[in-house]
Amino acid sequence: MTRGWNWDFEDEPGAKTRGRTRAARLPAPAPPPPPPAGPPPARATQVRRRRLAAGAVALALVVLAIVLATGSGGRANAKTVAGLAGHPHARIVPERDTQLDERSAVGSVLAYTPFVREGSGKAGDVALTFDDGPGPYTPALLGVLERMHVHATFFAIGRMERYFSVSTEREIRDGDVVGDHTENHPMLAQLSAHDQREELFETLVRIEFLGGARSTLFRPPYGSFNATTFRLLHQLRLLMVLWSVDTDDYQQPGVSAIVESALAGGHAGAIILMHDGGGDRTQTIAALPAIIRGLRARHLKLVTVPQMLEDEPPRAGQPLPSNLAGD
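Right, let's walk through the structure included here. (Residues numbered from 1 in each chain as written. Predicted model: local features only at pLDDT ≥ 70, side-chain atom pairs only at ≥ 80, totals over all residues. Heavy atoms only, no water.)

## Points about the overall build of the chain
Within the chain, the secondary structure is distributed over ten helices and nine strands. Counting over 327 residues, the chain shows a buried share of 48%. Looking at the chain alone, contacts between residues at least 24 apart form 79% of all its contacts between residues at least 6 apart. Accessible area of the chain: about 15,800 Å², with a carbon and sulfur share of 57%. (Helix = DSSP H or I, 4+ residues; strand = E, 2+ residues; numbered from the N terminus. Buried < 20%, exposed > 50% of the residue type's maximum accessible area, 1.4 Å probe, protein only. Contact = heavy atoms within 4.5 Å. Areas by Shrake-Rupley, 256 points an atom, 1.4 Å probe, with all protein chains shown as cover.)

Listed below in structure tokens is the structure:
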């Protein structure tokens, strides 16, 4: 495929020493065609009346949908906000009961800890998580998850949504969970408070605009964070999700090595780190079926991170983690 952007930043030498990755440069869009001529003068009044009537009906339907969503305990997402602001493609999408339960579980955990590395292990849950997407390999990875009936958690990079947002929309439809992995994949500990907030907030907006629920999960690129990061996460009501198993699949060590790493740490409560973007992910895709079968053979249940927090929340009193990037 042609590379009009730097999408394989994880594979580049010295990736962990850079702050921001280069933004994409796309050709300027062609100018729009001239608008069609208006209706004949004799019909102008009739056309205006029809348009006003149609607008009134549409407004009534929006109000009715909001009332129904509010009355049933649903929460309108960013598309609702966009609709009230006049966005032409807005629609009301109330959250499912499952989403509300999972949001409640995340909120309960946030009440006593700002991060999670693994679950308690009491329910036999394991969470598969994928970073750095969406990307050109995400559809194939989603195909494996769909065929094997597994829900996963994806930590998306905002700028990748410019090119691969269809995959994020597919994740949302499948019932997967999409978390925040910043806008440009920088080392947050090297940024100012303002720049860190921009990195976090821009991706939240992108995910919500695509139809996802307001994200409550965040994973720091390269494991880089500091006290400022925790303050911002508290303000944005985001839970930092770290991991208990790193498969090192971004280094492309081979299919068998990825499978072995995942299963070696695949105990109850494990959060397993893999990647669907940031470089060539054919090895990860090839390893995924064996990982899923191996975990199921141990009678472990594959769930999203919010589902794990609902089933087996982490213990309280854990010390704050240190910056994993070493910067």
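Don't stop here, the text continues.
## With respect to the side chain of Asp176
Relative to the helices and strands, Asp176 is located in the loop between helix H5 (161–174) and strand E4 (177–180). In this structure the side chain of Asp176 is engaged in a polar contact, spanning 3.0 Å, whose partner is the backbone nitrogen of Ala152. (Polar contact = N/O pair within 3.5 Å; in protein donor to acceptor, adjacent residues only side chain to side chain.)

## Description of the environment of Gly158
Tracing the sequence through the fold places Gly158 in the loop between strand E3 (153–156) and H5. Residues Gly158 and Glu202, spaced 44 residues apart in sequence, show a C-alpha to C-alpha distance of 6.9 Å. Residues in contact with Gly158, not counting those within four places in the same chain, are Thr182, Glu183, Thr203 and Arg206.

## What about the packing of helix H6 (residues 193–209) against helix H7 (residues 227–236)?
Remark: H6 packs on H7, axes separated minimally by 10 Å, with the N-to-C direction vectors making an angle of 40 degrees. For the element pair H6 / H7, the angle class is oblique. With respect to the hand of their crossing, H6 and H7 are arranged in right-handed fashion. When H6 is examined against H7, the residues Ala193, Gln196, Arg197, Leu200, Phe201 and Leu204 are found in contact with a partner set consisting of Thr228, Thr229, Leu232, Leu233, Gln235 and Leu236. Across the contact of H6 with H7, the residue classes break down as seven nonpolar, four polar and one charged. (Axes fitted to C-alpha atoms, helices over the stretch in contact; angles between N-to-C directions. Parallel < 35°, antiparallel > 145°, perpendicular 65-115°, else oblique. Left-handed = near helix turned anticlockwise from the far one by under 90°. Nonpolar A, V, L, I, M, F, W, Y, C, P; charged D, E, K, R; others polar.)

## With respect to the pattern of salt bridges
Across all of its chains, the model carries six salt bridges by this definition. Its salt-bridge partner being Glu183, residue Arg162 comes within 4.0 Å of it at the nearest N-O pair. Residue Arg162 is located in helix H5, and its partner Glu183 is located in the loop between E4 and H6; the two are separated by 21 residues in the primary sequence. Arg206 is the partner of Glu183 in a salt bridge, and the nearest nitrogen-oxygen pair spans 2.8 Å. Here the residue Glu183 occupies a position in the loop between E4 and H6, and Arg206 occupies one in helix H6, the gap between them amounting to 23 residues. (Salt bridge = Lys/Arg side-chain N within 4 Å of Asp/Glu carboxyl O.)

## A look at H7
All of the buried residues in H7 are Thr228, Thr229, Phe230, Leu232, Leu233 and Leu236. Next to the buried residues of H7 lie H6, strand E5 (217–218) and strand E6 (239–241). Its side-chain oxygen at 3.1 Å from the backbone nitrogen of Thr228, Asn226 defines the N-terminal cap of H7. Two residues or fewer past H7, Arg237 is found with a positive phi of approximately 60 degrees.

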